[in-house]
Amino acid sequence: MKIISDVNELKTYLRKKNKTIGFVPTMGALHDGHLSLIKQSKKECELTVVSIFVNPTQFLADEDLDKYPSRDEADKKICKFAGVDVVFLPQVKDIYGADEVSLAAPNVRGFVLEGATRPGHFDGVLTVVNKLLNIVNPDFAYFGKKDAQQLNLITLMAKQLFMDVQIVAVDTVRESDGLALSSRNIYLSKEQRKEALKISLSLYEASRMVQKDVYDVAMIKEAMLEILKPLEIGYVEILNREFEIVESVEIGNTIVLVEALVGTTRLLDNIWL
Ligand code: PAF
């Protein structure tokens, strides 16, 4: 496994290989969710590149950039074990200059849900993903469905900027009790972890109601909010796959999304119906 920090070295190395490239961008603190992205890339591509870069521009001033878990050595071992071909591990100075061209999230989809409470977050995500895709120039890039809004915006960006990459959506990986894997789960105490289960339980309830032919969004949201009590809710939304508000669930075209604060940790989860 090659570990490369320099942008030009990586570009030259990958160009010479002339292979189908699968790319998994990450901010490190790798867990089984990342491994499933890597696994899918390995299945579909000749060469898998993982980037580990805690992108400062997607954190707001009062967010957890400073305490975001950094585990480069463990992450490298995990990548090696998973059969990754190249780990790209740049420094902030390799990715950002002093006076940056900016890329902004779209006005509608970029400013609902996460975009509403974290203004500027998606500008940072799109900016860094655009840069990383330009550096790696992959055939396929893998993103988790857990960050559904991020996935939606990146797919839109790739289409609208006419990028030669296929964005692949990969299913959320969960603990056996339902908790969606996230690098932020390590902040949870034992008690908070139990409380956090209300998030997946509320999503399962939404799915159960739809299976029982309840499609009314208001009714489903009400039932979910009841389960989520007393967590502090960022949002509970039921949208179509284009991230538009709907009044009724359409099977095959709906995402149910929750953001909740557990202790001081913001957790996201969703289910695709
Ligand atoms: O999902 C993440 O880990 C990050 O938002 C990403 C896509 C690696 C960009 O920094």
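Every chain is numbered independently, its residues counted from 1 as its sequence is written. With the structure being a predicted model, the display of local features is reserved for residues of pLDDT at least 70 and the display and counting of side-chain atom pairs for 80 or more, all residues being used for whole-chain, interface and lining totals. In computing side-chain properties, one takes all heavy atoms of the structure into account and sets aside hydrogens as well as water.

Participant: How would you summarise the overall build of the chain if you had to cite specific residues and measurements?
Facilitator: Helix and strand content of the chain: 9 helices and 9 strands. The globule rule puts the C-alpha radius of gyration for 273 residues at 19 Å, and the 19 Å found for the chain is close to it. In terms of its C-alpha atoms, the chain occupies a principal-axis envelope of roughly 55 × 40 × 40 Å. For every residue, the accessible area (1.4 Å probe, protein chains only) is compared with the maximum for its type, and the residue is labelled buried under 20%, exposed over 50%, or partly exposed between those bounds. For the chain, buried positions account for 49% of its 273 residues. Contacts are residue-level and defined by heavy atoms, with any inter-residue pair within 4.5 Å sufficient. Long-range pairs, those at least 24 residues apart, make up 71% of the contacts in the chain between residues at least 6 apart in sequence. Here the Shrake-Rupley method, with its probe set to 1.4 Å, supplies the accessible areas, and only the displayed protein chains count as covering residues. As displayed, the chain offers around 13,700 Å² of accessible surface, 51% of which is attributable to carbon and sulfur atoms. Comment: elements are numbered from the N terminus, with helices defined as DSSP H or I runs of at least four residues and strands as E runs of at least two. Taken over C-alpha atoms, the radius of gyration is set against a globule rule of 2.2 Å times the number of residues to the power 0.38.

Participant: Pulling in residues and values, what's your account of the site of the ligand?
Facilitator: Near the ligand the following residues occur: Pro25, Thr26, Met27, Asn55, Gln58, Val128, Val129, Phe143, Asp147 and Gln150. Nitrogen and oxygen atoms within 3.5 Å of one another constitute a polar contact, given that in protein one can donate a hydrogen and the other can accept it, and given that sequence-neighbouring residues count only through two side-chain atoms. At a separation of 2.6 Å, an oxygen atom of the ligand approaches a polar side-chain atom of Gln58. The protein chains hide 88% of the 290 Å² of surface that the ligand would expose on its own. Among the elements of the structure, strand 2 (21–26) and helix 6 (121–136) are those that each provide at least two residues to the shell around the ligand. All amino acids are sorted into three groups, where Ala, Val, Leu, Ile, Met, Phe, Trp, Tyr, Cys and Pro are nonpolar, Asp, Glu, Lys and Arg are charged, and the leftover types, Gly among them, are polar. For the shell around the ligand, the class distribution of residues is 5 nonpolar, 4 polar and 1 charged. In these notes, residues near a molecule or strand are those with any non-hydrogen atom within 4 Å of it.

Participant: I'd like to hear about the pattern of salt bridges, residue by residue, with values.
Facilitator: Each reported salt bridge corresponds to a side-chain nitrogen of Lys or Arg within 4 Å of a carboxyl oxygen of Asp or Glu. Scanning the entire structure with this criterion turns up 16 salt bridges. One salt bridge connects Asp94 with Lys93, and the closest N-O pair in it is separated by 3.8 Å. Measuring nitrogen to oxygen at the nearest pair gives 3.2 Å for the salt bridge that ties Glu114 to Arg266. Of this pair, Glu114 sits in helix 5 (residues 114–117) while Arg266 is found in strand 9 (residues 265–272), placing the two residues 152 residues apart along the sequence.

Participant: Hey, could you go over the sheet that holds strand 1 (residues 2–4) for me, with residue numbers and the actual values?
Facilitator: Note on pairing: DSSP must find at least two bridges between two strands before they are called paired. Read from one edge of the open sheet, 6 strands run 1-4-3-2-5-6, paired in parallel fashion. Pairing within the sheet leaves two strands with one partner each, and these edge strands are strand 1 and strand 6 (166–170). Going from strand to strand, the sheet's axes swing by 25° on average, the running direction of each strand aside. Pairing of strand 2 with strand 3 (residues 47–52) involves 6 bridges; the strand directions are parallel. Its bridge partner being in strand 3, Ile21 is matched across the sheet by Leu47. Sheet strands in contact with helix 1 (residues 7–17) are strand 1, strand 2, strand 3 and strand 4 (86–88), and its direction is about 155° off that of strand 4. Think of each axis as a best-fit line through the C-alpha atoms, taken over the contacting stretch in the case of a helix, with angles from 0 to 180 degrees between the N-to-C directions.

Participant: Quick rundown of the sheet that holds strand 8 (residues 254–262)? Include the residues and the values.
Facilitator: One open sheet accounts for 3 strands, arranged 7-8-9; its pairing is antiparallel. Since the sheet does not close on itself, it has two edges, and those belong to strand 7 (232–240) and strand 9, each with one partner. Ignoring which end each strand starts from, the neighbouring axes of this sheet average 10° apart. Relative to strand 8, strand 7 is paired through 8 bridges, and the arrangement is antiparallel. The partner of Tyr235 across the bridge, within strand 8, is Glu259. Taken strand by strand, helix 9 (residues 217–228) contacts strand 7 and strand 8, and its axis lies near 155° from that of strand 7.

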